[in-house]
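If you want the building blocks of each chain, they are given just below.
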Amino acid sequence: MEPLILDHLPDGLLDLPSGRLHERLEGPTLIHLPGRRPQPLFVCVLQHGNEISGWEAVRRLLKGRYARDPLPRSLVLLIANVRAAGRNRRYLSDQPDYNRCWPGSTTPRGPIHDLFDRITAHARALKPFASIDIHNNTGENPHYAAINRIEPQHLRLGALFSRTMVYFTQPHGVQSMAFGEFCPAVTLECGPPGRLDGTDHAMTYLASVLNAESIDSEPPAPEDIELFQMVATVNVAPELSFSFTPDGSDIVFRAALDRLNFRELPPGTRFGRVSTDASHPLRVHDHGGHDLSDTWFSIDDGDILTRSPMMPAMLTTDERVIRQDCLCHLMERIPVGRRREGAEEQHELPENRP
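Since the model is a prediction, treat every value here as computed from it, not as a measurement.

Trainee: Describe the nonpolar core, with residues and values.
Mentor: One finds Val 43, Val 45, Trp 55, Ile 79, Ile 132 and Ile 134 to be the most contacted residues of the largest nonpolar core, which totals 51 residues. Sorting elements by how many residues they give to this core places helix α6 (residues 196-211) first, with six residues. Sequence-distant contacts of Trp 55, that is, excluding residues within four places in its chain, are made with Leu 13, Leu 14, Leu 16, Pro 17, Ser 18, Leu 21, Val 45, Leu 46, Leu 77 and Ile 79. Counting residues in hydrophobic clusters, the runner-up holds 27 residues, among them Ala 232, Phe 271, Val 274 and Cys 328.

Trainee: Explain the packing of helix α1 (residues 53-63) against α6 to me, and be specific about the residues and the numbers.
Mentor: At a closest axis distance of 8 Å, the pairing of α1 and α6 adopts a crossing angle of 55 degrees. Here α6 runs oblique to α1, going by the angle between their axes. Crossing geometry of α1 relative to α6 is assigned as right-handed. Along its contact with α1, which presents Ser 53, Glu 56, Ala 57, Val 58, Arg 60 and Leu 61, the element α6 presents Leu 196, Gly 198, Thr 199, Asp 200, Ala 202, Met 203, Leu 206, Ala 207 and Leu 210. The residue inventory of the contact of α1 with α6, partitioned by class, reads nine nonpolar, three polar and three charged.

Trainee: Describe the layout of surface pockets, with residues and values.
Mentor: Size it by volume and the largest pocket reaches roughly 400 Å³. Around the largest pocket, the lining comprises 19 residues; the ones closest to its centre are Arg 100, Pro 171, Thr 233, Asp 325 and His 329. Residues belonging to the lining of the largest pocket are distributed by class as follows: three nonpolar, 12 polar and four charged.

Trainee: Residue-level account of unusual backbone geometry, with values.
Mentor: The residue after Gln 170, namely Pro 171, is reached through a cis peptide bond having omega 5 degrees. If you trace the backbone, Pro 171 turns up in the loop between β7 (164-167) and α5 (175-179). In the Ramachandran plot, Leu 46 falls in the positive-phi region, its phi being about 60 degrees despite a non-glycine side chain. Residue placement: Leu 46 occurs in the loop between β3 (35-45) and α1.

Trainee: Give a detailed account of the pattern of salt bridges, specifying residues and quantitative values.
Mentor: The final tally for this structure, using the stated rule, is 23 salt bridges. For Glu 2, the salt bridge identified is with Arg 118, shortest N-O distance 3.1 Å. Taken together, the residues span a long stretch of sequence, with Glu 2 in the segment before β1 (4-6) and Arg 118 in helix α3 (residues 111-126) at a distance of 116 residues. The partly exposed category is assigned to Arg 118, whose relative accessible area is 36%. Note that Glu 181 is salt-bridged to Arg 149, the shortest N-O span being 3.3 Å. With Glu 181 in the loop between α5 and β8 (185-189) and Arg 149 in the loop between β6 (144-147) and α4 (152-159), this pair connects stretches of sequence that are 32 residues apart. The network of salt bridges with shared partners includes Glu 51, Arg 90, Asp 97, Arg 100 and Asp 325.

Trainee: Got a sec to walk through α1? Specific residues and values, please.
Mentor: In an α-helix, one turn spans 3.6 residues; hence positions three or four apart end up facing the same way. The buried count for α1 comes to nine of 11 residues, which makes it a mostly enclosed element. The set of residues buried in α1 consists of Ser 53, Gly 54, Trp 55, Glu 56, Ala 57, Val 58, Arg 59, Leu 61 and Leu 62. Close packing links the buried residues of α1 with β2 (29-33), β3, β4 (71-79), β5 (130-135) and α6.

Trainee: So what's going on with the pairing of strand β14 (residues 297-300)? Which residues, and what values?
Mentor: Relative to strand β15 (residues 303-306), β14 runs antiparallel, the two sharing four bridges. Bridging across to β15, Ser 298 finds its partner in Leu 305. Counted between consecutive antiparallel strands, the loop separating β14 from β15 contains two residues, among which Asp 301 sits at a positive phi close to 55 degrees.

Definitions and cut-offs
- Residues numbered from 1 in each chain as written.
- Predicted model: local features only at pLDDT ≥ 70, side-chain atom pairs only at ≥ 80, totals over all residues.
- Heavy atoms only, no water.
- Core = buried A, V, L, I, M, F, W, Y, C linked by side-chain atoms within 4.5 Å.
- Buried < 20%, exposed > 50% of the residue type's maximum accessible area, 1.4 Å probe, protein only.
- Helix = DSSP H or I, 4+ residues; strand = E, 2+ residues; numbered from the N terminus.
- Contact = heavy atoms within 4.5 Å.
- Axes fitted to C-alpha atoms, helices over the stretch in contact; angles between N-to-C directions.
- Parallel < 35°, antiparallel > 145°, perpendicular 65-115°, else oblique.
- Left-handed = near helix turned anticlockwise from the far one by under 90°.
- Nonpolar A, V, L, I, M, F, W, Y, C, P; charged D, E, K, R; others polar.
- 1 Å grid on protein atoms, 1.4 Å probe; cavity = no way out; pocket = protein on both sides within 12 Å on 5 of 7 lines; lining within 4 Å.
- Points joined across faces, edges and corners; volume = space filled by probe spheres on them.
- Salt bridge = Lys/Arg side-chain N within 4 Å of Asp/Glu carboxyl O.
- Pairing = 2+ DSSP bridges.

Encoded structure:
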């Protein structure tokens, strides 16, 4: 599969909401737009078809000032999963998750992996200024930036969006990790889709990066950012049913569970109730694949309780997303320039270490 590469915006494309892009685009499409500075900014939108803030931000940016003025920097825009966007879905049943198919992926290879290999090689040859992948999440989360390398320019790029940043090394095969091999790269999490503040924030950020002459090579001051590291992923046991209202499901989670995101929770925090004798209704695995369910959760008279202090991110009440992806990730706060290397100790990260 070869990527569709255009050197212009198709007529009327910016007038289309994400749900109608499939009427004009057959699949993932790269669009090159010239700017005063030739080194391009790479921007990726709609890897997940129901995460629309990125496309809305690009539409508004390009229909505004830059409909009449030249871009301050060349732009390479990837519009990804237009088929899923047409159905307002993360991805369709006959598709993989696009943001698990980039170089480094551990998922079964298919045409999308080959396509993204070619796009990555194409982008690498352009020596991009930076890469920005724009997402939404389905739960109540603050806007935050996610990075895959604790290096000064990656931190600077993230800090331009939010003082809250998350460092992660799994899942593999994400766009920002692949592009982070050859340019500063960041993933933006813009809150729930459809909210104007997420679109506004993404649009303002894109304008700022397009106008930047350079990205500072000195790390941000420690007091200017809050840096967290994802250390584990929580999934619902696949054999159990679940819901967020008392309806006879095996697990009934507390209402508005997603309001616990980015809160430091003490042991004994209640996530919900389980009505079966399942010993591990919530399965927790660290990035080495080790089962840590007993470390993080316990069952007390049917209540699902936290066993250790934790900070969840991306908790969602969207049952489809929970089955397709996960219930949440668990994080730990880390000092700038350091990351967790085990349960007992932390080690300094030398520059340029992934």
